[in-house]
Amino acid sequence: MFSHLSRKDRIQTLAALENLEIDLFLLPSPFQNNAGLVKYVTDALNRFSMFGYYSEWLAYGSTRLYPPNHRQLEFFPFSWQQVGYPGVSLGYRDFRGFLLLMGRNEGEE
């Protein structure tokens, strides 16, 4: 099973799938002889793992299973520290206007 592999072997397995270095006829349905689906799912596994690692989900601690408006960040996620993310800034969801001023050239051709 994949979960029983070492980290090195997991990476090698995902690389082999991503590079299609496998016999596609040996895979179960719906992956059998479907290179596009194999590449798509392998890419999704990598992306979803990264999204999960760099999300704030674990920092919600005991409130993580509550509805979104009842969750509270209980600590600063380690992954945020690794990448230098400064943390949450309330209000970014609101439209704050355009950063660039667009000149108007009405009547000019």
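All values derive from a computational prediction rather than experimental measurement.

Colleague: Where do I start with the overall build of the protein in this structure?
Modeller: Of the regular secondary structure elements, the protein holds three helices and zero strands. Reading the protein from its N end, one meets helices and strands in the order α-α-α. Within the protein, the fraction of its 109 residues that count as buried is 13%. The contacts of the protein with a sequence gap of at least 6 include a subset with a gap of at least 24, amounting to 21%.

Colleague: What is the right way to look at the pattern of salt bridges in this model?
Modeller: Close approach of charged atoms lets side chains of opposite charge pair. Counted according to the given criterion, the structure contains one salt bridge. The partner of Asp43 in a salt bridge is Arg47, with the nearest N and O atoms 2.7 Å apart. Within this pair, Asp43 and its partner Arg47 are both found in helix H2 (residues 35-53), separated by four residues, close to a single helical turn.

Colleague: Would you take a moment to explain helix H1 (residues 7-18) for this structure?
Modeller: One turn of the α-helix equals 3.6 residues, which is why residues spaced by three or four share an orientation. With twelve residues, H1 should cover 16 Å at 1.5 Å per step; its first-to-last C-alpha distance of 16 Å lies within 8% of that length. Looking at the residues trailing H1, positive phi occurs at Leu20, about 55°.

Calculation criteria
Note that residues are indexed from 1 along each chain, following the sequence as it is written. With pLDDT at 70 or above as the cut-off, local features in this predicted model cover only qualifying residues; side-chain atom pairs require 80 or more to be listed or tallied, and sums for whole chains, interfaces and linings still use all residues. Here the side-chain values reflect all heavy atoms present in the structure, with hydrogen atoms and water set aside. Each helix is a run of H or I in the DSSP string that is no shorter than four residues. Each strand is a run of E no shorter than two, and both are numbered from the N terminus. Buried, partly exposed and exposed residues are distinguished by accessible area as a fraction of the type maximum, computed with a 1.4 Å probe on protein chains only: under 20%, between the cut-offs, and over 50%, respectively. Working rule for contacts: check all heavy atoms of both residues, and any pair within 4.5 Å makes them a contact. What counts as a salt bridge is simple: a side-chain nitrogen of Lys or Arg found within 4 Å of a carboxyl oxygen of Asp or Glu. Helix span, expected: 1.5 Å multiplied by one less than the number of residues in the helix.

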